[in-house]
Amino acid sequence: MNLFDVYPLYPITPVKALDCTIYDENGVEYLDLYSGHGVISIGHAQPDYNTKMKAQLDNLSFYSNAIQNPLQVELAEKLGQMSGLTDYSLFLCSSGAEANENALKLASFHTNKSRVIAFDNSFHGRTSAAVAVTDNKKIVAPLNAQQSVTFLPLNQIDLVKSELEKGDVCAVIIEPIQGVGGLDQGTTEFFQALQEVCNANNVILILDEVQSGYGRSGKFFAFQHHNITPDLVTTAKGMGNGFPIGGVLISPKFQASYGLLGTTFGGSHLACAAGIAVLDVMKNLNLIENTNKVSEYFFEAIKAIPEIKQVKGKGLMLGVEFDFDVSALRKKMIIEKHIFTGGANNKNLLRILPPLTVNTEAIDKFVKALQKSLAELNA
Ligand code: PLP
C-alpha cells in the first residue's frame, strides 16, 4: 500500500532527537527551531518525561473514560495551577481540531444558536466542525446543515459588533496569535472590546491556544497578554510534547451533564502521563522564563540582518518576514545549514517555533546561518 500523498517532503529522515537537536539516519545533526509545528515544548526525549512515559506504559496505558482515572484529576489540577485558570474545568481529547470541535459544540449547545465568527487567515483545524483558511481559500465544514461560519478581518470591532447583533451567532473563535496564517494578532484594545461585545450579546468567546498556549508566547496562555477572560480555551500541540493530547478549558458558566461530550482516546492514562510530565518539566526548568529570555535575545540578535522587514509574534512563536518568497531560503537552511524552520500561508515568512528549552547559542547559530544563506542566495 502507498501513502496517500498529501505532504510535500524534505529529503531528510530523522531517527533520533535530544532536546533541540535532531539526528538523521546518517548521524547528521540538525537544529530544531520548529518543534514539528510547535509540538515539542519541553525538548525532544526530555529525560523526566521519558521516565514517566515508560513507567506509565509498563503500568496502564489506556482504559475507558467510564472508569475513574486519577491521572486526569492530577492533570486538571496542575493545569489549573500553572495557567491560573483554577475555576475552569477540563475536557480532554486528542488533537487541536477535536478541541475546537468540542468548544464549538459547547457554544452551540449553550446558546442554542449555530453561526460562528472566525477571522481572515485563521486556522482552527481540518475536521468536520473546525474552520480553516488555507492558501487564502476558505475551507468551511459546518457542524450541521444549519451551521455557517462568517470570516471577518482582525481588529475591526464594529464589523464583529454588527454581526453579533443579528442574534444568530453562538461563538467567536480566535487565535491570540495566528499560527499557520502568518503571526498576525489582535491588539489588546480589540481583544478587550471583543470580550465586551460577546458578553453583551450572549456569544461564547473561544480562544484557540492550540499553538500559542503552554508558555510559547511568554505567558502560559497568549490571551493573558490582553487581560481578558475567555469562556472557552482550547489547547493541544505543546500539551503532550509529541504525545497526542488536547483539551478544552471550560469556564464556570457552562454546566456539565452526562453524555454532553465524549471521546474514546481523550484523557487516556498515557496521554495524562504525558500532560503531567510536560507541566512538571515546564515548572521545574522555568521554561516560561527561558522563553522570555531567549525571545528578547532573538529580537536583538536578528537586527543584524537588514534584509528582514519585521519580526512578528511573541515569545518563541515568531515569524521573520522578508519582502520575497522564503521557500528557497527555508530549503537552504534545512538541507545545507541543517536548521529546521517553518513556513506559513504568508510565503514571505519564516516561522520560528523552537522547543522552549532553546538557548541563546542556538539563536546565534541561526542568525549566522541565515546571514550566510541570504548572501549565497544573492550571489
Ligand atoms: N488550531 C490552531 C491554532 C492550529 O495551529 C492547529 C494546527 O496547526 C489546529 C487548531 C489543529 O490542530 P490539530 O492539527 O492537532 O488538529
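Higher on the page you've got the structure.
These notes cover the structure that comes with them.

Parameters and conventions
- Residues numbered from 1 in each chain as written.
- Predicted model: local features only at pLDDT ≥ 70, side-chain atom pairs only at ≥ 80, totals over all residues.
- Heavy atoms only, no water.
- Helix = DSSP H or I, 4+ residues; strand = E, 2+ residues; numbered from the N terminus.
- Contact = heavy atoms within 4.5 Å.
- Buried < 20%, exposed > 50% of the residue type's maximum accessible area, 1.4 Å probe, protein only.
- Pairing = 2+ DSSP bridges.
- Core = buried A, V, L, I, M, F, W, Y, C linked by side-chain atoms within 4.5 Å.
- Domains from an automatic or database assignment.
- Near = heavy atom within 4 Å.
- Polar contact = N/O pair within 3.5 Å; in protein donor to acceptor, adjacent residues only side chain to side chain.
- Nonpolar A, V, L, I, M, F, W, Y, C, P; charged D, E, K, R; others polar.

## A short note on the side chain of Ser-295
(1) Moving on: Locating Ser-295 in the fold gives a position in helix H8 (residues 287–301).
(2) Moving on: Residues in contact with Ser-295, not counting those within four places in the same chain, are Gly-315 and Leu-316.

## Quick notes on the pairing of strand S12 (residues 246–250)
(1) Moving on: Summarising burial for S12: five of the five residues are buried, a large majority.
(2) Moving on: Side chains of S12 alternate between two faces, with Gly-246, Val-248 and Ile-250 and Gly-247 and Leu-249 buried alike.
(3) Moving on: For strand S4 (residues 89–93) and S12, the ladder comprises five bridges, and the chain directions are antiparallel. In the sheet register, Ser-89 faces S12, and the bridge partner there is Ile-250.
(4) Moving on: Looking at chain direction, strand S11 (residues 232–235) and S12 are connected through four bridges and run antiparallel. Of the residues in S12, the one forming a bridge with Thr-235 is Gly-247.

## So, the nonpolar core
(1) Moving on: Ranked by size, the top nonpolar core spans 76 residues in total, and within it Phe-119, Phe-366 and Leu-370 carry the most contacts.
(2) Moving on: A total of 11 residues in this core trace back to one element, the largest contributor, which is helix H7 (residues 269–284).
(3) Moving on: The residues that make up this core include at least three from each of domain 1 (14–46 + 286–378) and domain 2 (48–284).
(4) Moving on: In this view, Phe-366 contacts Leu-33, Phe-298, Ile-302, Met-333, Ile-339, Thr-341, Leu-350 and Ile-352; residues no more than four positions away in its chain are not counted.
(5) Moving on: Ala-103, Leu-106, Ala-171 and Phe-254 belong to the second largest nonpolar core, which has 21 residues in total.

## Digging into the site of the ligand
(1) Moving on: Around the ligand lies a shell formed by Ser-95, Gly-96, Ala-97, Asn-100, Phe-123, His-124, Gly-125, Glu-175, Asp-208, Val-210, Gln-211 and Lys-237.
(2) Moving on: Within the backbone of Ala-97, an N or O atom sits 2.8 Å from an oxygen atom of the ligand.
(3) Moving on: Here Gln-211 contributes a side-chain N or O atom positioned 2.9 Å from an oxygen atom of the ligand.
(4) Moving on: Partitioned by chemical class, the residues of the shell around the ligand number three nonpolar, six polar and three charged.

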